[in-house]
Amino acid sequence: MFSARAVITPAMRGAVRPQAIRFTIGSRLESTRAPATISEAITRDHRDLRRYYNEIVNNKGDFDHQDRYGNQFRWQLARHSVAEELLVYPAFEKYLLDVGKAQADRDRDQHHKIKVLLKDFQDLNAADDAFVPKLEEIWTELEHHIDEEESKDLPNLERALNARPIRGSSDGSTEALARKFERTKMFVPSRSHPAAGENPYFESAVGMLAAPIDRIADLFHKFPDDITAPKGSWDYAADGDVNDRAKGRGVDGRDVNRRDAYGRDEGGRDDSAVGKDRI
């Protein structure tokens, strides 16, 4: 009888261990402080994307550096876009009524164009002639979208949220929306899937199927070494002292923030092995 284990190498089996998969979820985030408002959460992502873009276009010829930041750019933009479509654009429609509906429709159209371009980009590597030109094409569309969101859409939403009467719950506050936005990014696809559209109901269903597959694919891609886990992101790890992990240190003092595509630290050790020793 055919067995999948027969064609899976030991390295591949190690890569898809639950611990390794967990590391891919939170290990490429940059800020350790939770955003106070939804505008801050979105603007922070925009600034990160701008930095990743600059790292790529300003380091032509360094293919390894460009590939790492290209993967980071794709990972951040894909998640950011879906989280906006699931939470922020419905908030435009709910709290800004007709004006918000027009904003949301325009932003969804812009997102679709960007996601189509991103799908082409994510299938390239830095050695391809089309790599940088495709990224620049994405950035042209994205920069215009960012300017409109930050100058018009988000200020309108903040004013509407701040003007709402308090009814004993913070669910409709800008702080609550920011928290939901950050949580949502942890569970949505990390690659572009334009065929899923921008409808939150259909996109949610597609995302539930695509996200786990994307997470596995991320294990086999390189990411920048200088982008590390946020404080406390290791709380769910299967081993080690929580305080040490929050500081980016392993149980034996190793730097657990510097990891390869398989979730192993810079010394080549897999933390799951440490966990086994503790059982």
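Just so it is clear, the model here is predicted, and its values are computed rather than measured.

A. Structural detail: the pattern of salt bridges. Counting across every chain of the model gives 21 salt bridges. Between E137 and K134 there is a salt bridge, and its shortest N-O distance comes to 3.4 Å. In this pair, E137 and K134 are both assigned in helix 5 (residues 131-163), three residues apart and thus about one turn of the helix distant. By relative accessible area, E137 is classed as partly exposed at 39%. Because the salt bridges share partners, they merge into one network encompassing D64, R68, K222 and D225.

B. Inspection of the packing of helix 3 (residues 38-57) against helix 6 (residues 174-185) at higher detail. Axis separation between helix 3 and helix 6 bottoms out at 7 Å; the angle between their running directions is 35°. From helix 3, I38, A41, I42 and D45 reach across to helix 6, where they touch T174, L177, A178, F181, E182 and K185. Here the contact of helix 3 with helix 6 is composed, by residue class, of six nonpolar, one polar and three charged.

C. Here's a closer look at unusual backbone geometry. Although it is not a glycine, L97 sits at a positive phi angle of roughly 55°. The topology assignment puts L97 in helix 4 (residues 63-122). For L97, a relative accessible area of 58% puts it in the exposed group.

D. Summary view of the packing of helix 4 against helix 5. Across the interface, helix 4 lies against helix 5 with an axial gap of 12 Å and an inter-helix angle of 30°. Judged by the inter-axis angle, helix 4 sits roughly parallel to helix 5. For the element pair helix 4 and helix 5, the recorded crossing hand is left-handed. Tallied by class, the residues present in the contact of helix 4 with helix 5 amount to 21 nonpolar, eight polar and 13 charged.

E. Structural view of the environment of L49. Here L49 is to be found in helix 3. Judged by its relative accessible area of 0%, L49 falls in the buried class. Separated by 20 residues in sequence, L49 and Y69 have C-alpha atoms that sit 9.7 Å apart. Discounting residues that sit within four places of it in the chain, L49 has contacts with F73, Q76, L77, W139 and L142.

Calculation criteria
Going along each chain's sequence as written, the residues are numbered from 1 onward. Under the rules for a predicted model, residues below a pLDDT of 70 receive no local features and side-chain atom pairs below 80 are neither given nor counted, while totals for whole chains, interfaces and linings still include all residues. The side-chain values count all of the structure's non-hydrogen atoms but skip hydrogen atoms and water molecules. Salt bridge criterion: a side-chain nitrogen from Lys or Arg within 4 Å of a carboxyl oxygen from Asp or Glu. Under the DSSP-based scheme used, a helix requires at least four consecutive residues in state H or I and a strand at least two consecutive residues in state E, with every element numbered from the N terminus. A 1.4 Å probe rolled over the protein chains alone gives each residue an accessible area, and that area as a share of the maximum for its type sets the label: buried under 20%, exposed over 50%, partly exposed in between. Throughout, an axis means a line fitted to C-alpha atoms (over the contacting stretch in the case of helices), and angles, computed between N-to-C directions, take values from 0 to 180 degrees. Residue contacts are defined here by distance: any two heavy atoms, one from each residue, within 4.5 Å place the two residues in contact. When residues are grouped by polarity, Ala, Val, Leu, Ile, Met, Phe, Trp, Tyr, Cys and Pro land in nonpolar, Asp, Glu, Lys and Arg in charged, and all others, Gly among them, in polar. An angle counts as roughly parallel when it lies under 35 degrees, as roughly antiparallel when it exceeds 145, as roughly perpendicular when it falls between 65 and 115, and as oblique in every other case. If you view the pair so one helix is near and one far, a crossing is left-handed when the near helix is turned anticlockwise from the far one by less than a right angle, and right-handed when it is turned clockwise.

Limitation: the analysis is restricted to geometry and does not speak to function.
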